[in-house]
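What follows is each chain in one-letter form.
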Amino acid sequence: NRPLCLSWSFGLRSRMLPRNVHSLGTSSMNQRVEDCHRHDEAYGYFLPIQTRWQDNDQYGHVNNAVYYSYFDIIISHYLIRYCGLRTSLLTSPMVGFMVTNQCTSHKPISFPQVPVAALAVEKVGHSSVYYHLALFPPKATKELPSVNHWDLRDGFFSGHPKLVHFDSLACTNGSSVHVFVNPAPRKPTDLPEDFRRGLLRLVSPASV
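Position numbers for residues start from 1 in each chain and track the written sequence from start to end. Residues qualify for local features only when their pLDDT is at least 70, as the model is predicted, and side-chain atom pairs are given and counted only at 80 or more; totals for whole chains, interfaces and linings, by contrast, use all residues. Side-chain figures throughout are based on the complete set of non-hydrogen atoms in the structure, without hydrogens or water.

Note the cut-off: UniProt positions are given in the numbering used here, feature names are shortened, and annotations may be inferred rather than shown by experiment.
Named according to an unreviewed UniProt entry, the protein is Thioesterase domain-containing protein originating from Panthera tigris altaica. The UniProt entry for the protein carries the following comment under Sequence similarities (unreviewed entry): "Belongs to the 4-hydroxybenzoyl-CoA thioesterase family."

Structural data, given as structure tokens:
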């Protein structure tokens, strides 16, 4: 059975436990959350990623640093396509700074595979957004995923029939935090309501 995705609050209970027990409990909880975010059911939005020959390293698989660029692509793509983010400094009322990135690799992929990137939102603050991300490789079958122009332009949401062509367990998963600021003074700014609504569509089941 797949792990149940839940958020846990330790509060008073954690303060009452001996330090070593609290540490073990926290480690166990973190592992459960990590396992949860390896499954495709934890994500709401998916985007096929065309790997490139230059992505491979000398060992013949995608270099670990390249996964961050894949995650950046799906975040930027969703914000532009579904949240109305304007990317020109001349017209945009806000700019997003990526303040933290984390990535865990479980098994390699390589060019010319076409994996699907996945995006979920854990939390939307006044000016910040907490993301969960993953990369799911195509299944090892003769029938390769069929990716067309519309998939690359629009991506697809959870439940889409094309997801059956990809593994349900991520080869890589991670997290990122965006902080949005005013372009000129570069101070945190409140997220517009329509922008916030687009993000709330992807609130992860793990954060409920």
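And the narrative resumes.
**Remarks on the nonpolar core**
The tendency in soluble globular proteins is for nonpolar side chains to be buried side by side. As a reminder, the rule being used: The definition of a nonpolar core used throughout is a set of buried Ala, Val, Leu, Ile, Met, Phe, Trp, Tyr and Cys residues joined through side-chain atoms within 4.5 Å. Throughout this description, buried means an accessible area under 20% of the type-specific maximum (1.4 Å probe, protein chains only), exposed means over 50%, and partly exposed covers the range between. In this text, helices come from DSSP runs of H or I with a minimum length of four residues, and strands from runs of E with a minimum of two, each type numbered from the N-terminal end.
Residues Leu79, Leu119, Tyr131, Phe180, Phe195 and Leu199 are the most contacted members of the largest nonpolar core, which totals 30 residues. At the level of elements, strand E1 (45-48), helix H3 (66-82), strand E3 (116-124), strand E4 (128-136) and helix H5 (193-200) are the ones that each hand at least two residues to this core. The dominant element in this core, judged by the number of residues it contributes, is H3, at eight residues. If you look at the next biggest cluster of nonpolar residues, it comprises 13 residues, including Cys36, Tyr43, Val116 and Ala120.

**Observations regarding the pairing of E4**
The criterion, for reference: A pair of strands counts as paired when DSSP detects no fewer than two bridges linking them.
Of all the nine residues making up E4, eight are buried; the element is thus mostly covered by neighbouring parts of the structure. In terms of strand pairing, E3 meets E4 through eight bridges, oriented antiparallel. Looking at E4, one finds that Val121 is bridged to Tyr131. Direction of pairing for E4 relative to strand E6 (residues 172-181): antiparallel, over a ladder of eight bridges. Within E6, the residue paired with Tyr131 across the bridge is Ser176.

**Examining the packing of aromatic side chains**
Our working rule: Note on aromatic contacts: the rings of Phe and Tyr and the six-membered ring of Trp form a pair at centre separations within 6.5 Å, being stacked when their planes are under 30 degrees apart, edge-to-face when over 60 apart, and tilted otherwise.
This structure, assessed with the given rule, holds 11 aromatic pairs. A ring pair is formed by Trp53 and Phe111, whose centres lie 6.1 Å apart and whose planes are at 70 degrees; its orientation type is edge-to-face. Of this pair, Trp53 sits in the loop between E1 and H3 while Phe111 sits in the loop between strand E2 (95-105) and E3, placing them 58 residues apart in sequence. Since its relative accessible area comes to 66%, Trp53 is described here as exposed.

**Digging into unusual backbone geometry**
Cis geometry marks the peptide bond from Phe111 to Pro112, where omega comes out at 10 degrees. Along the chain, the position of Pro112 falls in the loop between E2 and E3. Positive phi, normally seen in glycine, also occurs at Arg186, with a value near 55 degrees. Relative to the helices and strands, Arg186 is located in the loop between E6 and H5.

**Description of the pattern of salt bridges**
Which entries qualify depends on this criterion: Criterion for a salt bridge: a side-chain nitrogen of Lys or Arg within 4 Å of a carboxyl oxygen of Asp or Glu.
Using the criterion set out here, one finds five salt bridges in the structure. Between Asp55 and Arg52 there is a salt bridge, with its nearest N and O atoms 2.8 Å apart. Asp55 sits in the buried class, given a relative accessible area of 2%. Two residues, Asp154 and Arg81, come together in a salt bridge whose shortest N-O distance is 2.9 Å. On the criterion of sequence distance, the pair formed by Asp154 in helix H4 (residues 149-154) and Arg81 in helix H3 is long-range, its members being 73 residues apart. With relative accessibility at 36%, the residue Arg81 sits in the partly exposed group. Within this structure, Arg81, Arg153 and Asp154 form a network of salt bridges that share partners.

**Focus: the state of the cysteines**
Rules: Defined by distance alone, a disulfide is two cysteine sulfur atoms within 2.5 Å.
One pass over the structure, following the stated rule, counts zero disulfides. Looking at the unpaired Cys103, the closest cysteine sulfur is the one in Cys171, lying at 9.1 Å. Owing to a relative accessible area of 22%, Cys103 belongs among the partly exposed residues under this scheme.

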